[in-house]
Amino acid sequence: MRWEIEDNAEQAAFRREFREWLAENLPEGWTKALDEGDVDSFEKIRAASGFNPFTWTGTIGRSPYAAPLWPKEYGGLSGESWMPQVIRSELVRYRLPTVAINLLGVGLAGPTIIEHGTEEQKERYLRKILSGEEIWCQLFSEPGSGSDLSSLATRAVRDGDEWVVNGQKVWTTLAQFAQFGMLLARTDPEAPKHEGLTYFILDMKSPGVEVRPLKQLTGSSEFNEVFFTDVHIPDANRVGAVGEGWRCARTTLMNERAALAGISLDPVSFTGGTRRDPWRTFLDSVPNRDDPLVRQRLAQFYIESEVKEITAFRANSARLRGQQPGAEGSVNKVFNAEYNQRRSSFAVNASGMAGVAWLPDDKSAEARAQTFLRARANTIEGGTSEVLRNQMAERILGLPRDPEVDKGIPWSQIKRN
Ligand SMILES: Cc1cc2nc3c(=O)[nH]c(=O)nc-3n(C[C@H](O)[C@H](O)[C@H](O)COP(=O)(O)OP(=O)(O)OC[C@H]3O[C@@H](n4cnc5c(N)ncnc54)[C@H](O)[C@@H]3O)c2cc1C
């Protein structure tokens, strides 16, 4: 790694402690091989051990290192803000998964339950989120409510000790595998849009929940439509007070930005193993590299990849100093998303006909096309680039806020698409 930050004494001690834990909990010889730079031995040990990322999720999830900032009593360390960064760099060093398989549970649901949930909810859900025993999804976006999330229409009506839910969500990542969902629903249509919402934990196996996978451009189905027909949720599964759903949802959304900022979603992040240099992978996907015009574009992409690294470095160094990164998170999200799109479009364009048609066994051409198609989602997922630019304009540059034409008006009376 070229951009490195030196540990202070406390961080160095914590790093040693985590390294010892890794050495004890990984197959014999794993950490030693990598400490000695012996990648071949590491690969053999990994293959012989049958390393399984799901089993690993359980191993680290039952230790306090999967979520060091969570309270000790719920499986964390009640630790310092720099700890996740130290842990992450050790996971990279020892070629382990850096993104939790239960990303939405660990990154979004857990922090929301810790901040707004009841004692019973914390006891019931948090440890199983960390161990990956229960996968979570986020039931927020709807066909008419994405960026303008607080306008959503899924209804929850109280019926004694239960709520009855009807409506539809869309783009729900992992819903087809999830045991639980974070559900934002409208409980008071006569209140202004932000005030009539309530936040629930939904058991995805409840009668009346129908999950329909959506086929994406890439051919895979990461996300789903989810329909609710008279779904019953016990009031005990309400998170926060009735009508306080927006406050809880903001906690989820803030944590979503933090969880997604700067993470790489390439498969190695979930499985671990030897990661190819991403720059090398990109270079290999571009033909005609002797062409001076192609070389000029490649040089430009290289410069941009350095800018990206340096911005990520600034955010990481702020975290290690115990500070919250400033604008770097939003700036890097927008920059990364657009950079990925520019770069993958260029690789396809530079390939000519081979960019759009290839023989079935040409895995490299297939991967190039997949990367190009998947990159379309980068400027939408986790907040669109336009909306993030609005936020940066308001919060960082101090420009005036967007006019809110429906402020204070009951949700039932506002114009919706
Ligand atoms: C891969 C992927 C995974 C996702 N996973 C989930 C999930 O698990 N759970 C979930 O709830 N949602 C999920 N989403 C949904 C995502 O949060 C929404 O797509 C996103 O918030 C945008 O909403 P929308 O698609 O309705 O677009 P819209 O909000 O309708 O936006 C349409 C266009 O208008 C622009 N626009 C909107 N408002 C403004 C404004 N005020 N100023 C300027 N431009 C504006 C947008 O930038 C966009 O270009 C996922 C999306 C993707 C792509």
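Cut-offs and rules
- Residues numbered from 1 in each chain as written.
- Predicted model: local features only at pLDDT ≥ 70, side-chain atom pairs only at ≥ 80, totals over all residues.
- Heavy atoms only, no water.
- Phe/Tyr/Trp six-rings, centres within 6.5 Å; stacked < 30°, edge-to-face > 60°.
- Helix = DSSP H or I, 4+ residues; strand = E, 2+ residues; numbered from the N terminus.
- Buried < 20%, exposed > 50% of the residue type's maximum accessible area, 1.4 Å probe, protein only.
- Lys NZ or Arg CZ within 6 Å of the ring centre and 35° of its normal.
- Salt bridge = Lys/Arg side-chain N within 4 Å of Asp/Glu carboxyl O.
- Patch = residues over 30% accessible without salt bridge, like charges linked within 9 Å, V, L, I, M, F, W, Y side chains within 5 Å.
- Areas by Shrake-Rupley, 256 points an atom, 1.4 Å probe, with all protein chains shown as cover.
- Near = heavy atom within 4 Å.
- Polar contact = N/O pair within 3.5 Å; in protein donor to acceptor, adjacent residues only side chain to side chain.
- Nonpolar A, V, L, I, M, F, W, Y, C, P; charged D, E, K, R; others polar.
- Domains from an automatic or database assignment.

(A) Region of interest: the packing of aromatic side chains. In this structure the tally under the stated criterion is 21 aromatic pairs. The interplanar angle of 55° and the centroid separation of 6.2 Å between the aromatic rings of phenylalanine 14 and tyrosine 65 together place this pair among those described as tilted. Of the two residues, phenylalanine 14 is situated in helix H1 (residues 9-25) and tyrosine 65 in the loop between helix H4 (53-61) and helix H5 (83-93); the sequence distance between them amounts to 51 residues. By the burial criterion, phenylalanine 14 is buried, and tyrosine 65 matches it. Members of the aromatic cluster, joined through ring pairs, are Phe14, Phe18, Trp21, Trp30, Phe42, Phe51, Trp56, Tyr65 and Trp82. A cation sits over an aromatic face here: arginine 212 above phenylalanine 227, 4.2 Å from the ring centre.

(B) Quick peek at the environment of lysine 32. Note on placement: lysine 32 falls in helix H2 (residues 30-35). Under the relative-accessibility criterion, lysine 32 is labelled exposed at 52%. Residues lysine 32 and glutamate 338 lie 306 residues apart in sequence; the distance between their C-alpha atoms is 39 Å.

(C) View of the pattern of salt bridges. A full pass over the atoms with the stated rule returns 23 salt bridges. Note that arginine 342 and glutamate 304 form a salt bridge whose closest N and O atoms lie 2.6 Å from each other. Here the residue arginine 342 occupies a position in helix H12 (residues 328-350), and glutamate 304 occupies one in helix H11 (residues 292-320), the gap between them amounting to 38 residues. We classify arginine 342 as partly exposed; its relative accessible area is 34%. In this structure, the salt-bridge partner of glutamate 338 is arginine 389, at a minimum N-O distance of 2.9 Å. Residue glutamate 338 is located in helix H12, and its partner arginine 389 is located in helix H14 (residues 385-395); the two are separated by 51 residues in the primary sequence. With relative accessibility at 41%, the residue arginine 389 sits in the partly exposed group.

(D) Fine view of a nonpolar patch on the surface. Judged by side-chain polarity, Val331, Ile396, Leu397 and Leu399 come together as a nonpolar surface patch covering roughly 370 Å² of accessible area. By the secondary structure assignment, leucine 397 is in the segment after H14.

(E) Highlighting the site of the ligand. Close to the ligand lie 18 residues; Ser147, Trp171, Thr173, Thr384 and Glu386 are nearest. Between the ligand and the protein, one listed contact pairs an oxygen atom with a side-chain N or O atom of serine 147 at 2.6 Å. The contact in question runs from a nitrogen atom of the ligand to an N or O atom on the backbone of tryptophan 171, over 2.9 Å. Here the ligand, which alone exposes 980 Å², has 67% of that area covered by the protein. Its residues assigned to classes, the shell around the ligand shows 6 nonpolar, 8 polar and 4 charged. Looking at which domains feed residues into the shell around the ligand, each of domain 2 (135-259) and domain 3 (276-383) gives three or more.

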